[in-house]
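Structural overview
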Amino acid sequence: MEAFDAVEVIRTKRDGGRLSPQMIDWTIDAYTRGVIAEEQMAALNMAIFLNGMDRAEIARWTTAMINSGQRMDFSTLTDASGRRLATTDKHSTGGVGDKITLPLAPLVAVFGVAVPQLSGRGLGHTGGTLDKLESIPGWRANLSNEQMFAQLSEVGAVICAAGAGLAPADKKLYALRDVTGTVEAIPLIASSIMSKKIAEGTGTLVLDVKVGSGAFMKDEASARELATTMVNLGADASVNTVALLTNMDTPLGLSAGNAIEVAESVQVLAGGGPQDVVELTVALAEEMLAGAGVRDVDVRAALNDGRAMDKWRAMISAQGGDPDAPLPQAKESHTIYAPAEGSVLRLDAMDIGLAAWTLGAGRARKEDAVQAGAGVQLHVKPGALVRRGQPIATLLTDTPQKIERAAALVERSLVLGAESDRADTRLIIERITAS
């Protein structure tokens, strides 16, 4: 005998009512067990999309999703000398050229805080951290919990695939939202992200919530609402959580692809790299360390003096990768030039992301393969002054027939103005804490 009826739950939310804690617990459990049919959960998702949820409802929904699977526990994690290790994690809502996790994890580990970074693969115009790292010869994404704990103890950082046991209800709900037009429901986005992050067991969480053309959230108000909702969910679950709203109108750095983003990340770890990638990496590292109780350290110095690079090499090697191996290169390239002189006012992140995806850097379906060497290498950023005929971007692919379509997207992305015009080059828009 079931405690509730699915139609009763749907009607409650359809009519603007509030789902009780018991109703929420039953709903997630019953859906995971297959008692609630897909069409019934689709109807409930739409009711939530239209009528929303209050903070207590979202918190309970998130907890129920966490309880559908396993929780990781890092409370006993120590380093090789037996010293207790605090843990911290970062989650980005996704964008174009967002390779920040790659330099960030080893950078934070330099300061004695462990980074268990469970990451995913790309879909559509947004890149996936695991796809990028898999362009490194030998590197493997799948680790057992024992291997992950051992690497955290010995190296201090791990970037790997999340196990299937974390919040399995989310996997079902995510697939359903994708095909029912309810992906944008903020209660469902927030609970999807935070159920996995809380189940991962980290002590501190920093959220990088993207806003702009290449982001999931296109406007600041929606991004702020999502960030606030997630930060509050973290606080309600006793996870020290903070969010940064960051600009995704323009790709991060000068590369959008897989191997070329790894190469750019290595430049940052060597003390160079594009200014925006360095700025965001340092800002997020400082937030992660502060949340774990480490303050008054010179984060930028660890990029410049080789300590972060040493951690990177150890992290890649521990997962079977060769940090010295040449990265894959695309077979074909095509350069796009400035059609006139002027100030670069815009390089639209969505168009650049779609171009990289078109060239083979991304996938349309989860089972699709990606080209490690494909992508878009930018030569300028908004704010730059260019002359007619100056290189703007180079397209990279193993599939030359894709170049024409990708070139059209990159050309569309470029907006030039008079030399006196100035582009909006803000990177970090706002810092959000629990309310």
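Report on the accompanying structure. (Residues numbered from 1 in each chain as written. Predicted model: local features only at pLDDT ≥ 70, side-chain atom pairs only at ≥ 80, totals over all residues. Heavy atoms only, no water.)

1. Thoughts on the overall build of the protein chain
Check the secondary structure of the protein chain and you find 16 helices and 13 strands. Overall size of the protein chain, expressed as C-alpha extent along the three principal axes, is 70 × 55 × 40 Å. Residue pairs in contact within the protein chain that sit at least 24 positions apart in sequence constitute 78% of those at least 6 positions apart. The average position of the 42 basic charges and that of the 53 acidic charges among the side chains of the protein chain differ by 1 Å. (Helix = DSSP H or I, 4+ residues; strand = E, 2+ residues; numbered from the N terminus. Contact = heavy atoms within 4.5 Å. Lys, Arg positive; Asp, Glu negative; His and termini not counted. Charge placed at Lys NZ, Arg CZ, Asp CG, Glu CD.)

2. Here we look at the sheet that holds strand β12 (residues 414–417)
The strand order β10-β8-β12 describes an open sheet built from three strands, whose pairing is antiparallel. What marks the edges here is a single partner per strand, and that holds for β10 (385–386) and β12. Bridge count for strand β8 (residues 342–347) against β10 is two bridges, and the pairing is antiparallel. Of the residues in β10, the one forming a bridge with Gly342 is Val386. Packing of helix α16 (residues 403–413) onto the sheet brings it into contact with β8 and β12, and relative to β12 it is tilted by some 30°. (Pairing = 2+ DSSP bridges. Axes fitted to C-alpha atoms, helices over the stretch in contact; angles between N-to-C directions.)

3. Looking at helix α12 (residues 275–291)
Spanning 17 residues, α12 covers 24 Å between terminal C-alpha atoms, matching the ideal 24 Å at 1.5 Å per step. All of the buried residues along α12 are Asp276, Val277, Val278, Leu280, Thr281, Val282, Ala283, Leu284, Ala285, Glu287, Met288 and Leu289. Gly293 occupies a position one or two residues after α12 and carries a positive phi of about 90°. (Expected span 1.5 Å × (residues − 1). Buried < 20%, exposed > 50% of the residue type's maximum accessible area, 1.4 Å probe, protein only.)

4. Let's talk about the pairing of strand β4 (residues 204–211)
The buried fraction of β4 amounts to eight of the eight residues, a majority that puts the element mostly inside the structure. Burial of β4 is two-sided: the residues Thr204, Val206, Asp208 and Lys210 facing one way and the residues Leu205, Leu207, Val209 and Val211 facing the other way are all buried. Of the pairings in the sheet, the one linking strand β1 (residues 88–92) to β4 comprises five bridges and is parallel in character. Across the sheet, the residue bridging to Ser92 is Asp208, located in β4. Regarding the hand of the β-α-β motif, the stretch spanning β4, helix α10 (residues 220–236) and strand β5 (residues 240–247) is right-handed. (Right-handed = clockwise from strand over helix to strand, strands pointing away.)

5. Focus: the packing of helix α1 (residues 6–14) against helix α3 (residues 38–51)
Across the interface, α1 lies against α3 with an axial gap of 8 Å and an inter-helix angle of 15°. In terms of orientation, α1 and α3 fall into the roughly parallel class. The hand of the α1/α3 crossing is left-handed. On α3, the residues that touch Ala6, Val7, Val9, Ile10, Lys13 and Arg14 of α1 are Gln40, Ala43, Leu44, Ala47, Ile48 and Asn51. (Parallel < 35°, antiparallel > 145°, perpendicular 65-115°, else oblique. Left-handed = near helix turned anticlockwise from the far one by under 90°.)

6. Let's talk about the pattern of salt bridges
Tallying each qualifying case throughout the model produces 25 salt bridges. Of the charged contacts in the structure, one is a salt bridge between Lys132 and Glu261, with a shortest N-O distance of 3.0 Å. Of this pair, Lys132 sits in helix α6 (residues 129–133) while Glu261 sits in helix α11 (residues 259–269), and the two are 129 residues apart along the sequence. The residues Lys132 and Glu261 share a single accessibility class, namely buried. One network of salt bridges, with partners in common, ties together Glu220, Arg224, Asp424, Arg426 and Glu430. (Salt bridge = Lys/Arg side-chain N within 4 Å of Asp/Glu carboxyl O.)

7. What about the packing of aromatic side chains?
Applying the stated rule across the entire model yields two aromatic pairs. Here Phe4 and Trp26 contribute two aromatic rings whose centre-to-centre distance is 6.1 Å and whose plane-to-plane angle is 55°, an arrangement assigned as tilted. Here Trp26 lies in helix α2 (residues 21–33) and Phe4 lies in the segment before α1, a separation of 22 residues in the sequence. Phe4 sits in the partly exposed class, given a relative accessible area of 21%. A ring pair is formed by Phe74 and Phe149, whose centres lie 4.9 Å apart and whose planes are at 25°; its orientation type is stacked. Note that Phe74 is positioned in the loop between α4 (55–66) and β1 and Phe149 in helix α7 (residues 145–154), a separation of 75 residues in sequence. Over the face of the ring belonging to Tyr31 we find Lys172, whose NZ or CZ atom lies 4.2 Å from the ring centre. (Phe/Tyr/Trp six-rings, centres within 6.5 Å; stacked < 30°, edge-to-face > 60°. Lys NZ or Arg CZ within 6 Å of the ring centre and 35° of its normal.)

8. Some words on the packing of helix α5 (residues 101–109) against α11
Two numbers describe how α5 lies on α11: the axes approach to 8 Å, and their chain directions differ by 35°. Pair α5 / α11 crosses with right-handed handedness. Only Val262, Ser265, Val268 and Leu269 of α11 make contact with α5, whose side of the interface consists of Leu102, Pro103 and Pro106. Counted by class, the contact of α5 with α11 contains six nonpolar, one polar and no charged residues. (Nonpolar A, V, L, I, M, F, W, Y, C, P; charged D, E, K, R; others polar.)

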